[in-house]
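Descriptive analysis of the structure
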Amino acid sequence: MELNSSQRAAVEHDLGPMLVLAGAGSGKTRVVTERIARLLQRGVSARSILAMTFTNKASAEMHERVGKLVGAKLARELTVCTFHRFGLDVLGAETKALGLRGKSFAIFDQSDCTGVIREVLRELRSGRNYDVNAILARISNAKNAFVEAEAWAESQRKGKGLDEYDEIAMLVYPRYIAALRAFQAFDFDDLICEVVRLWQRRPDVLERWRTRYRYVIVDEYQDTNHAQLELLRLLGAHKNVVVVGDDDQSIYAWRGADVRNILDFEEHFTGAKVVKLEHNYRSRAPVLDVANAVLARSGGRRHKKSLIATRMGGDKVQLVVCTDPDVESSFVATEAMRLLEREGARPKDIAVLYRSNLLSGPIEAALKERQIPVRMIGGTQFFERKEVKDLIAYLRVALDPEDEMSLRRIINYPSRAIGDVAVSKLGAYATARETSLWVAVTRPHAVHELSTAAIEGCRQLVRIIEATRQRFDRKEPSAEIARALLVDAGFKEDITAGSTSNSVAARRWGNLEGLLNVFARRDDQGKGDRDQFASFLRLLALRQDSEEEEATDRVTLSSMHGSKGLEFPYVFVIGLEEGIMPHQRTLTERATDVAPPGADGDVVGHSIEEERRLFYVAVTRAKDRLYMTYAKHRGSRGKMVARTPSRFLLDVPDELIEEREEEGPQAPELDKTKAGAASVLAALSFNPFSGGEMPLVPRRRP
DNA sequence: CCGCGTACTGTTTTT
DNA sequence: CAGTACGCGG
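These figures come from a predicted structure and were not determined experimentally.

1. Re the sheet that holds strand β3 (residues 79–82)
Strand order in the open sheet made by the six strands is β3-β2-β6-β7-β1-β8, with parallel pairing throughout. For this open sheet the edge positions go to β3 and β8 (273–277), each flanked by a neighbour on one side alone. Taken pair by pair, the neighbouring strands of this sheet meet at an average axis angle of 15 degrees, ignoring direction. As paired elements, strand β2 (residues 49–53) and strand β6 (residues 215–218) share four bridges and run parallel to each other. Residue pairing in the sheet places I49 in a bridge with Y215 of β6. Against the sheet, helix α1 (residues 5–12) touches β1 (18–22) and β8, its axis set at about 145 degrees to β8.

The structure is reproduced here in structure tokens:
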């Protein structure tokens, strides 16, 4: 298809900064890919182009689509990656300038970071039970605003608003930073902020990166935070920075994204050209009418633009009022079945979207009950699951015993009598001898007053690690090494004994099998080298998706956030009730809340606007037909509660919607037993990879 | 130091 | 209702 005039303007724009305001479904990715292709055609070196996105999925897709246009060989020379990956690469290349010991460092994910904060709180003897995530969010905000610990304390002393979380976060902040430094670790924010800091103090280093990347393209620009803006300003120096985004789809203020970046782009990058893409090529008119109706009620600052439908005709949007979640999920599943059988839909044409991952359970069960294949986006990230992190930590210790964070993680897992007391004794020994914790572990007899049980535990651990290291030396395939490690360390026994039910145990073990499969795939590709494997392990923290098999033909279940950038012929948006959409957390202010950038006091109003945009994002995923549902009753923490429809539904004029009621089957008992069986089945077969088969050993009895 | 019992408390979204 | 945090007895 031909490009329209504004698309062409964006593709053909020459030099200088440009903001492309790309409404939902307006062909944004196409514009970006064609633009890159055009730059290449005109003789720009692929190595000098940097395209940054937010998710691995988005960057993979962009890379692939450019590859189709310009060929795989050329595409390989491009840098297409996430912001965080770019930051990681810069830090990795500049370890010397950063003054790091050696060239390796760790990346701490959220749970590592909250662990550090917990530790700091313990040292501070703060007494109270603080919400560590809230503290981390406050620290993250300070970091991204480049507020130093002292400056923060200073400004707080002068200012009036000192809430209790500010106070404790200020106290924790410097110790938190010190702890990360001690571990030679970076958190996610550091991957951006430390690059900015480095570039600011070392113009010579910045200059190298500037000459390397002459053309910078940023996708989803509305999601950038302050630090990312600074990174762009330094790198792009007001030239050749092209950003693409849509302020109406800004849904990440809660994690520090600042919409003002896109609203004020023309001030940040003087002389910027602005192009608006307002033709929607994705959704049928009735879907778009609903989306526009919701957006029309939106307050606050916006770039003025309206979405114009190009695909006319199509069915009215349906609103299905259900009595409860069971009815809702059986409606979705039955209707999905009908689409598959009667309307020739493929499973991959269908998506079910919800505000919170909690809502996915019943839907997943209902679809599986009807043998409909599903894929879940989001949920607890695979590489953040405890057992997965445990295995990775073991491997990292085997590869590098000086990796203290990993060592601490597994030093007493599974339990081998090395408790807090033993660990601090080992730590004291290490500090006194100016050696590492690992060395202390290898000489437990030398450690003062270590219990005999703990000494034996250390010996055991050393045996396991040594055995693993020898396997690495023998260049065994990594999957085999990991498998042997699972046996040596007794993962299976611990999981079986420590899980509340067999299905939980099966899921955990399945996750480990999944990780082994990831390793096996790498082995097959011949990437068996030890150092490569070590850096691969480090990277795992950064990747949310586990080698996603896009090609699979499955019904998509996703959070609304996770659905951004995707599109489906048939979309169900469920759980449209007050308290869920908009979510309760956004309706009532809490002490632990963090004001998003630019909220100016009205935190609640600000976040409701964000919920509205989130609803808009969800609705605009639909190409042909959209179903919206809500339940009149829904359980919240055990108890059934009456529900009212989402306020956003009330913003849609009646004539745009076809409403109907679903009452569900008359025999509730029968339905209930069925649902129970279905969810057990779902739990058993839940596994991101291949069948996590595990002999369901009876629970160990002492 | 471990395991068991009891109480509580919560779940938005993700690099 | 589940998963976790904490306290106590071996």
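2. A short note on the UniProt feature "binding site: ATP" (unreviewed entry) in chain A
Feature annotation in UniProt assigns "binding site: ATP" (unreviewed entry) to the following positions: A22, G23, A24, G25, S26, G27, K28 and T29. With respect to the element layout, A22 can be found in strand β1. If near-sequence neighbours (up to four positions away) are discounted, A22 is found in contact with K28, V244, G245, D246, Q249 and L277. Within the secondary structure, S26 is located in the loop between β1 and α2 (28–41). You can call S26 buried: its relative accessible area is 1%. Within the structure, the side chain of S26 is placed 2.7 Å from the backbone oxygen of G23, a separation counted as a polar contact.

3. Quick notes on the domain arrangement of chain A
Many authors give the size of an interface as the accessible area that is lost as the parts come together. Here chain A is described as being made up of domain 1 (5–95 + 191–277), domain 2 (106–183), domain 3 (310–380 + 551–662) and domain 4 (382–542). Once you take the C-alpha centre of each, domain 3 and domain 4 turn out to be 41 Å apart.

4. Topic: the pattern of salt bridges
For the structure on display, the rule yields 56 salt bridges. Put simply, D219 and K28 hold a salt bridge, and the shortest N to O gap is 3.4 Å. Here D219 is found in the loop between β6 and α13 (226–236), whereas its partner K28 is found in helix α2, with 191 residues between them in sequence. Residues D219 and K28 agree in their burial class; the two are buried. A salt bridge links E343 to R625; its shortest N-O distance comes to 2.9 Å. Residue E343 is located in the loop between α17 (325–342) and β12 (350–354), and its partner R625 is located in strand β16 (residues 622–631); the two are separated by 282 residues in the primary sequence. With a relative accessible area of 31%, E343 lands in the partly exposed category. Among the residues examined, R625 registers a relative accessible area of 9% and is labelled buried. Residues joined by salt bridges that share partners form a network here, namely K28, D219, E220, D223 and K564.

What counts, and where the lines are drawn
Residues numbered from 1 in each chain as written. Chains lettered and ligands numbered in written order. Predicted model: local features only at pLDDT ≥ 70, side-chain atom pairs only at ≥ 80, totals over all residues. Heavy atoms only, no water. Pairing = 2+ DSSP bridges. Helix = DSSP H or I, 4+ residues; strand = E, 2+ residues; numbered from the N terminus. Axes fitted to C-alpha atoms, helices over the stretch in contact; angles between N-to-C directions. Contact = heavy atoms within 4.5 Å. UniProt positions renumbered as here; feature names shortened; annotations may be inferred. Buried < 20%, exposed > 50% of the residue type's maximum accessible area, 1.4 Å probe, protein only. Polar contact = N/O pair within 3.5 Å; in protein donor to acceptor, adjacent residues only side chain to side chain. Domains from an automatic or database assignment. Salt bridge = Lys/Arg side-chain N within 4 Å of Asp/Glu carboxyl O.

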